Amino acid sequence: MPEQFIWGIEVFLNGLMAGVLYALVALGFVLIYKASGIFNYAQGVMALFAAMTLVGIMNGQVPFAHLINAIFGTNVHHFGWHVPAFVAILLTACVMVGFAWIVQRFIFRHLVGQEPIILFMATIGLAYFLEGVSDLMWNSEIKKLDVGLPQGINFAIDDYTYGIFGYGFFIDNLDIVATIIAAILVLALTIFSQYSKQGRAMRAVADDHQAALSVGVSLNFVWIMVWSVAGFVALVAGIMWGTKSGVQFSLSLIALKALPVLMLGGFTSIPGAIVGGLIIGVGEKLFEFAVGPMIGGATENWFAYVLALIFLVFRPQGLFGEKIIERV
Amino acid sequence: MKTKLTALALGVTMAAGPAMADLVFPSLSYRTGPFAAGGIPYADGYADYFTLLNQRDGGIGGELVSVPECETAYNTEKGVECYESTKDAGALMYNPLSTGITYQLIPKATADGIPLHTAGYGRTSAKNGKIFSHVFNYPVNYWDGASVGVNHFKDVAGGSLEGKKITLMYFNGSYGKEPIPTLEALSAAEGFEFNAIPIDYPGQEQKSQWLQVRREKPDYILFWGWGVMNQVAVQEASNIRFPMENFMGIWWSGAEIDVLPAGDGAHGYKSIQFHNVGSDYPVFDDIRKHVVDTGMAAGDGSNIGTVLYNRGVYAAFLASEAAKDAQAATGSSAITSSDMRDAMEAFEMTEAKMTAAGLPDFGPEFSVSCENHGGDGSAAIAQWDATAMEWNLITDFSNSDASIIGPLIEADSSAYAAENNIAERCN
Amino acid sequence: MFYRESGDFKTTYIDDDQTFPIKFDRYRYYAVMFVAFAIIPFMVNDYWVNAIFLPFLIYSIAAIGLNILVGYCGQVSLGTGGFMAVGAYAVYKLMTAFPDVSIVFHIFAAGAITAAVGVLFGLPSLRIKGFYLAVATLAAQFFLVWLFNRVPWFYNYSASGQINAPERTVFGEAVTGPNVNAWAVYLICLVFVTITALIARNLTRGTLGRKWMAIRDMDIAAEIIGVNPLTAKMSAFAVSSFFIGISGALFFAVYLGAAETGEAFGITKSFLILFMIIIGGLGSIFGSFAGAAFLVLLPVFLKVVGADWLGVPTDIVAHFQLVIVGALIILFLVLEPHGLAQLWRVAKEKLRLWPFPH
């Protein structure tokens, strides 16, 4: 088999894995958009906030330490304890639920029935706010995140493929774990929304707010729940990306990676986010592999959008988006 | 409401109250934004060293130093605001700490007669003092870094790079593109194969680039990264089991924070440095005693001795030594920015000065002249020890290959001069 | 009382057609023009111009341009940064290639080039709508930035890819390069702002503007009543990009003097300008100014108060800036969802009725 072809397969597989990570971020957007029609610009910052909170709790950092020190002239930094990863994740999930409650209670309850652009704008404000708060709370230094996820080349795959092709494939253990977790997450979400009472309420709200309200579904509760779930998805995404690069401001920029995925998959579809993520991941990696070196590389950022654009020209509502029906 | 206003008014008068210090060194720092993790220790070091001078020696030559800090978030527009808001306070010198802001300030500061000092960053061809009258990039610039890095690889390879393959992985922007012309020239001179792989900002996702490295199997990698790009690159390099001792970053990609997240995988990673590493210097004891323990430190003191903190200290040290020279030259303790510029142009760094400041053997010895604003281009190689969790210099400071870099600087600066109608000085 | 449409009798068609038909608006406009042209130039120094007026004026042009596209024609765009880069690089190439031609022509030419690029990237809008359209403009954003970074011709083969604005003069007074006077750069930007704002105001009052708004409100219905979506959408993209190109040219040549595409014209710029028009008010020229002022002035104001007056550490100030800007945006929305322009509309309503509220 020609070398190029084998390499192409390796790039393809890695593209799939990268796509899963993009989809993980996109999932949070979809959940909120589906249930409340809000395009949540703050999703990336939520991932940052969740990851910072997780690290902060694990390391026993004092929240707002810098601010407290500046005001009171004290010198507090750490509580001096270390919380096990599992407990810290649970605590962070609780924080995200609290965050969801605050968001719902103080922002979106006042904006029910507003146009999408205004809801979008509110999330812009939220993003600014949360970005400032997370830095104030946990400081902006880079933090190592280690919740025990494996990282590095998977030797089994390397050896196995070496035996077949004479070239060992590189697959990152972290990517494998991420894929498994993403699969579990999507499965759980599907089961939750199909079979549980709250999940059905969520779908009812997604279909029609007023109809759902009239049959006795509490919008308030559903929206808090959706924001909590999105917060939890943000936490998972934050853990995955944070393990790779350390937890720092740039984590909030992963939202940019999710945008083409969303547009390709459709804003309202969970399978769309997954399939979109895979297509974008594979597409940008293969393009960078095949064409990139000829035109100078670093093509991934724009090619993801061009790819999404090509799909959208044929399906303007995204791959799995609801068909747009226009009446005059 | 009224009490609040009174409090505010009180705050204003109090802030305006203390007499303006005479020696002003504005610090354009970035403690927020995508590069905050690197900006914080540098800014702390820069501020702490001046605080030390104030606390221990009563300033420089009897004049207190003030370091008004202005947050740029590595953003050029905020940098403009910072420059304009501090320049009228009698700023002696600017240390813009960002390539973008430097480019933007070069013409402005030159017109305003305020020198810029860009140690280890900024516009490389500013080394040519004949054209850039107010810009100083001693002791070292990116092209020197590339040259010293390649020389080190040459030593490791046993004296010849013939037939070897060197890959540059770089931040896809002006900072990362800087070394490419030098490396191309070096590749022609040394006979190694060279290719460059760009990594887009922010660099959170570098799988494609590292798969390419894995396929192409370069012998050596040079790395020009900043921000999250550093941590991810070190991690990915260890993931693909690239031999870390053949992977070398520029000084902005060689701090503790860049390698710590990768754990043991980062062991052996190298970086090019233009100052020494570690906290084993008398000056740090003084900083602990006079600055941290008295609660005057810019940070919490935990950064002392880290690479970027040391770089901040070193930059402040170079600035204060030039100010001392200026005071000696003018015979008065109150100096102006043009005195400062003259002193920087006649600046000489000696071992005696470094030892006197509590920084023995901290950086290279060099001298600046009217034609040469960049020193001799001396840099050393440091290596990360993941078990001891510390950087160690593994070579002495050595000079870059001036025969390669000189013509490149000449070409780039004369292009700038032609575009902006600048006449050569120093003739 | 103060603000009334009635009693202001017009006796000629010219009177009836003027840009500000209501007397109060007209006088207010004259007053603003007078202050801007005749008073401020004598009072400004380097700090006020470089830190406040230039960014405000230049962002206003960009915001007006984007508002035409998003606010009037309803086509969401996140490619503003990329289009500003087109303007900046176009003016740089023109300035260095034809040093003898006045920079004013170069800036207009840069706008025209950007308009052409904008139309090209606007073509998908005929097929893709709503938030999905943002993907086309985002593709433009990332592709253009990549292109300007990648192709050395655009930055005249300089080693690092930075572009520098050489000195150019208008009527013998330098407006670019290091040796400029504060009032000169202020005035040149002000002139461009005035021209673009007047063009925008008159376009949006006329046939073209009404076509855009018809497309925005419902494109199928508009098509049925005889608005050609192709010409309406493409003209919106062209006019919008023209303004954005001018602002990009000024941003690079007059304001920054040196730029690097990824840093100065990245995606954050696109978002920033979108935020400006959303906060200021979609479909309002005044809103474009208000939004630009809000996002330019507020951070500077908070910085000056926090760091310079109260002496709070700069990083805490920077974080609080974000917190306060974010909280203010949310607060505004909860109290007044339609942007700052709506506040002005409400104020006019009050003025109309004053002193009798009913």
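Residues numbered from 1 in each chain as written. Chains lettered and ligands numbered in written order. Predicted model: local features only at pLDDT ≥ 70, side-chain atom pairs only at ≥ 80, totals over all residues.

Draft legend 1. Region of the structure containing the overall build of chain B. The helix and strand tally for chain B stands at 15 helices and 16 strands. Over its C-alpha trace chain B gives a radius of gyration of 21 Å, about what one expects of a compact globule, namely 22 Å for 427 residues. Oriented by its inertia axes, the alpha-carbon framework of chain B measures out at about 70 × 55 × 45 Å. Counting every position in chain B, which comprises 427 residues, the buried fraction comes to 64%. Considering only residue pairs separated by 6 or more positions, chain B has 69% of its internal contacts joining residues 24 or more positions apart. (Helix = DSSP H or I, 4+ residues; strand = E, 2+ residues; numbered from the N terminus. Rg over C-alpha atoms; globule rule 2.2 N^0.38 Å. Buried ≥ 20, exposed ≤ 12 C-beta atoms within 10 Å, placed from the backbone. Contact = placed C-beta atoms within 7 Å.)

Draft legend 2. A look at the interface of chain C and chain A. With 38 residues of chain C at the interface, the matching set in chain A holds 42 residues. Counting only elements with at least two residues in the side of chain C that touches chain A, the list comes to α6 (134–150), α9 (219–224), α12 (267–280) and α14 (314–335) of chain C. Among the elements that make up the side of chain C that touches chain A, the one with the highest residue count is α14(C) (12 residues). For the side of chain C that touches chain A, the per-class residue count stands at 33 nonpolar, 2 polar and 3 charged. (Nonpolar A, V, L, I, M, F, W, Y, C, P; charged D, E, K, R; others polar.)

Draft legend 3. Inspection of the interface of chain A and chain B at higher detail. Contacts between the two partners involve 33 residues from chain A and, on the opposite side, 34 residues from chain B. Within the residue set of the side of chain A that touches chain B, elements represented by two or more residues are α1 (3–36), α10 (219–245), α11 (254–265), α12 (270–290) and α14 (300–314) of chain A. Sorting elements by how many residues they give to the side of chain A that touches chain B places α1(A) first, with 5 residues.

Draft legend 4. Here's a closer look at helix α6 (residues 155–165) of chain A. In terms of burial, α6(A) is largely open, as just 0 of its 11 residues are buried. Downstream of α6(A) by one or two residues, A:Gly166 has phi in the positive range, about 75°.

Draft legend 5. Quick look at the packing of helix α3 (residues 46–72) of chain C against helix α10 (residues 229–256) of chain C. Residues and elements named next belong to chain C. Where α3 contacts α10, the two axes come as close as 8 Å, and the packing angle between them is 165°. Here α3 is positioned roughly antiparallel relative to α10, judged by the angle of their axes. Crossing angle aside, the handedness with which α3 passes α10 is left-handed. Note on element contacts: α10 touches α3 through Ala-236, Phe-237, Val-239, Ser-240, Phe-243, Ile-244, Ile-246, Ser-247, Leu-250, Phe-251, Val-254 and Tyr-255, opposite Leu-54, Pro-55, Ile-58, Ile-61, Ala-62, Ile-64, Gly-65, Leu-66, Ile-68, Leu-69 and Tyr-72. Tallied by class, the residues present in the contact of α3 with α10 amount to 20 nonpolar, 3 polar and no charged. (Axes fitted to C-alpha atoms, helices over the stretch in contact; angles between N-to-C directions. Parallel < 35°, antiparallel > 145°, perpendicular 65-115°, else oblique. Left-handed = near helix turned anticlockwise from the far one by under 90°.)

Draft legend 6. Expanded view of the environment of A:Leu21. Residue and element names in this part refer to chain A. As for its position among the elements, Leu-21 is in helix α1. Once the C-alpha coordinates of Leu-21 and Ala-237 are considered, the two residues, 216 residues apart in sequence, prove to be 7.3 Å apart. In contact with Leu-21, not counting residues within four places along its chain, are Ala-178 and Met-240.

Draft legend 7. Molecular detail of the confidence of the model for chain C. With 99% of its residues at a pLDDT of at least 70, chain C reaches an overall mean of 89. Both scores are given for the predicted complex: the pTM is 0.91, the ipTM 0.89. (pLDDT = per-residue confidence, 0-100.)

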